[in-house]
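Structural description and commentary
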Amino acid sequence: MWSGEELDLDAYLARIGYDIGRDGELAPDLSTLTALHRAHVTAVPFENLDVALGRHIPLDLKSLQAKLVERRRGGYCYEQNSLFAAALERIGFQVAGRGARNRSRGATLPPVTHALLAVAIEGEQWLADVGFGWQGPLEPVPLRDGARVEQSGWTFGIAVEDEGIHVLRSLRPEGWTDLYAFSPQSLHPGDFLIMNHYSSSHPLSRFLGQVVVQQPGADVRKSLLRERLSAVHVDGTTGERNVGVPELAEALEAEFGIELDDEERTGLEHVHAAGV
């Protein structure tokens, strides 16, 4: 379903810095899923740069490999989780898509635009999401009511609401905060295409007309939204600074490991100047 047979698995593992070890094999178990998930989110940044440039966002595996693996760029949820699903499928995991409503921006009722994955291991479902940006989990989260996991000092939990709606939550100093909510209905790559079309082209999409780059980490989580570069450390300390047009390309490379070609740099500087 996710074109896992087309994936250059060795190149993908090298991209995320994952060492198979002596046996050269990966088992479809929780240990492997956990290690792959953490390696991916800490190596591949969340970014909307092609959307900001007005480019088409393809989700076929060949295009995803060219961008995220070979060019060492990042992507947003549809790209990241489609690539991750292909890797998991190639290894032998059972993977299904899910569609979520983002609750991290307040009490509004947004459309279902976030894509994540549900992975079945020995009869238990696990949330896997390498594409939610700096607020997302480092590792899989068990999909059962009341689940609570600590990941390098960051705590996540699952609550189940009416109609079987699952909610991913994050524990903050002020208490639990909902990140997103999703139904148990399985989505397929074609569903990701429809959601991707809205997020990359609809006038109401928050990904148009501004630079959004984020990355979770074990020690610090970083976000560049328009001109504001923010950092949240595991001990609760925070930091912010402004990134102007002249510093944009340098900040993308130094903070997120993103290298731009000349066309991308010029285009993003125009976008950044208009949004500042």
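Described below are features of the structure shown in this document.

As a further point, take the overall build of the protein. Assigned secondary structure in the protein consists of eight helices and 13 strands. Relative to the compact-globule value of 19 Å for 276 residues, the protein shows a C-alpha radius of gyration of 18 Å, a close match. For the protein, the spread of C-alpha atoms along the three principal axes comes to 50 × 45 × 35 Å. Scored against the burial criterion, the 276 residues of the protein give a buried share of 50%. As displayed, the protein has an accessible area near 12700 Å², and 48% of this comes from carbon and sulfur atoms. Across the protein, the 25 positively charged side chains and the 40 negatively charged ones have centroids separated by 4 Å.

What characterises a pair of aromatic rings is the spacing of the ring centres plus the angle enclosed by the ring planes. Tallying each qualifying case throughout the model produces six aromatic pairs. Between Phe132 and Tyr180, the ring centres sit 4.9 Å apart and the planes meet at 75°, which makes this aromatic pair edge-to-face. With Phe132 in the loop between strand 4 (124-128) and strand 5 (141-142) and Tyr180 in strand 9 (residues 175-182), the pair connects residues that are 48 residues apart, well separated along the chain. Owing to a relative accessible area of 0%, Tyr180 belongs among the buried residues under this scheme. Of the aromatic side chains, those joined through ring pairs into one cluster are Phe46, Tyr76, Tyr78 and Phe207. The ring of Trp154 has Arg221 sitting right over it, with the charged end atom 4.5 Å from the ring centre.

Let us look at the sheet that holds strand 11 (residues 220-225). Spatially, 1-10-11-12-13 is the arrangement adopted by the five strands of the open sheet, whose pairing is antiparallel. The open sheet has two edge strands with one neighbour each: strand 1 (46-47) and strand 13 (238-242). Where strand 12 (residues 228-233) lies against strand 13, five bridges are found, and the strand directions are antiparallel. In the sheet register, Arg228 faces strand 13, and the bridge partner there is Asn242. Packing of helix 7 (residues 248-256) onto the sheet brings it into contact with strand 10 (212-215), strand 11, strand 12 and strand 13, and relative to strand 11 it is tilted by some 160°.

Next up on the list: helix 4 (residues 61-70). Within helix 4 the residues assigned to the buried category are Leu61, Leu64, Gln65, Lys67, Leu68 and Val69. Residues of helix 4 that are buried in the fold lie against helix 1 (9-16), strand 1, helix 3 (49-52) and helix 5 (77-91). In the stretch just after helix 4, Arg72 is the one whose phi turns positive, near 60°.

The next point concerns the environment of Pro216. As for its position among the elements, Pro216 is in the loop between strand 10 and strand 11. Placed 174 residues apart in sequence, Pro216 and Thr42 show a C-alpha to C-alpha distance of 6.4 Å. With residues near it in sequence (within four places) discarded, Pro216 still touches Val41, Thr42, Gly133, Trp134, Gly136, Leu138 and Arg221.

Attention now goes to empty space enclosed by the protein. By the definition in use, this model includes one cavity of 30 Å³ or more. In this model, the largest cavity occupies a volume close to 50 Å³. Val41, Val130, Phe132, Gly133 and Pro216 are, among the 13 residues lining the largest cavity, the residues nearest its centre. A breakdown of the residues in the lining of the largest cavity according to their chemical character gives seven nonpolar, five polar and one charged.

Topologically, Arg15 is positioned in helix 1. Between the alpha carbons of Arg15 and Thr238 there is a distance of 29 Å; along the sequence they are 223 residues apart. Setting aside chain neighbours within four positions, we find Arg15 in contact with Ala43, Val44, Pro45, Leu68, Val69, Arg72 and Arg73. A distance of 3.1 Å separates the side chain of Arg15 from the backbone oxygen of Arg73, its partner in a polar contact.

Of the voids in this model, the largest pocket is the one considered here, and its volume is about 590 Å³. Looking at the largest pocket, it is lined by 26 residues, and the ones nearest its centre are Asn102, Ser104, Arg105, Arg206 and Phe207. Going through the elements one at a time, helix 5, strand 3 (112-121), helix 6 (189-201), strand 11 and strand 12 are the ones with two or more residues in the lining of the largest pocket. Looking at the lining of the largest pocket residue by residue, the class counts come to eleven nonpolar, twelve polar and three charged. Taken as a whole, the second largest pocket encloses approximately 380 Å³ of empty space. Considering the residues around the second largest pocket, the lining is formed by 16 residues, among which Trp154, Leu171, Arg172, Pro173 and Val232 are closest to the centre. Of all elements in the fold, only strand 7 (154-160), strand 8 (166-172) and strand 12 reach the threshold of two or more residues within the lining of the second largest pocket. When the residues that make up the lining of the second largest pocket are grouped by side-chain class, the tally is seven nonpolar, six polar and three charged.

Conventions used here
Residues numbered from 1 in each chain as written. Predicted model: local features only at pLDDT ≥ 70, side-chain atom pairs only at ≥ 80, totals over all residues. Heavy atoms only, no water. Helix = DSSP H or I, 4+ residues; strand = E, 2+ residues; numbered from the N terminus. Rg over C-alpha atoms; globule rule 2.2 N^0.38 Å. Buried < 20%, exposed > 50% of the residue type's maximum accessible area, 1.4 Å probe, protein only. Areas by Shrake-Rupley, 256 points an atom, 1.4 Å probe, with all protein chains shown as cover. Lys, Arg positive; Asp, Glu negative; His and termini not counted. Charge placed at Lys NZ, Arg CZ, Asp CG, Glu CD. Phe/Tyr/Trp six-rings, centres within 6.5 Å; stacked < 30°, edge-to-face > 60°. Lys NZ or Arg CZ within 6 Å of the ring centre and 35° of its normal. Pairing = 2+ DSSP bridges. Contact = heavy atoms within 4.5 Å. Axes fitted to C-alpha atoms, helices over the stretch in contact; angles between N-to-C directions. 1 Å grid on protein atoms, 1.4 Å probe; cavity = no way out; pocket = protein on both sides within 12 Å on 5 of 7 lines; lining within 4 Å. Points joined across faces, edges and corners; volume = space filled by probe spheres on them. Nonpolar A, V, L, I, M, F, W, Y, C, P; charged D, E, K, R; others polar. Polar contact = N/O pair within 3.5 Å; in protein donor to acceptor, adjacent residues only side chain to side chain.

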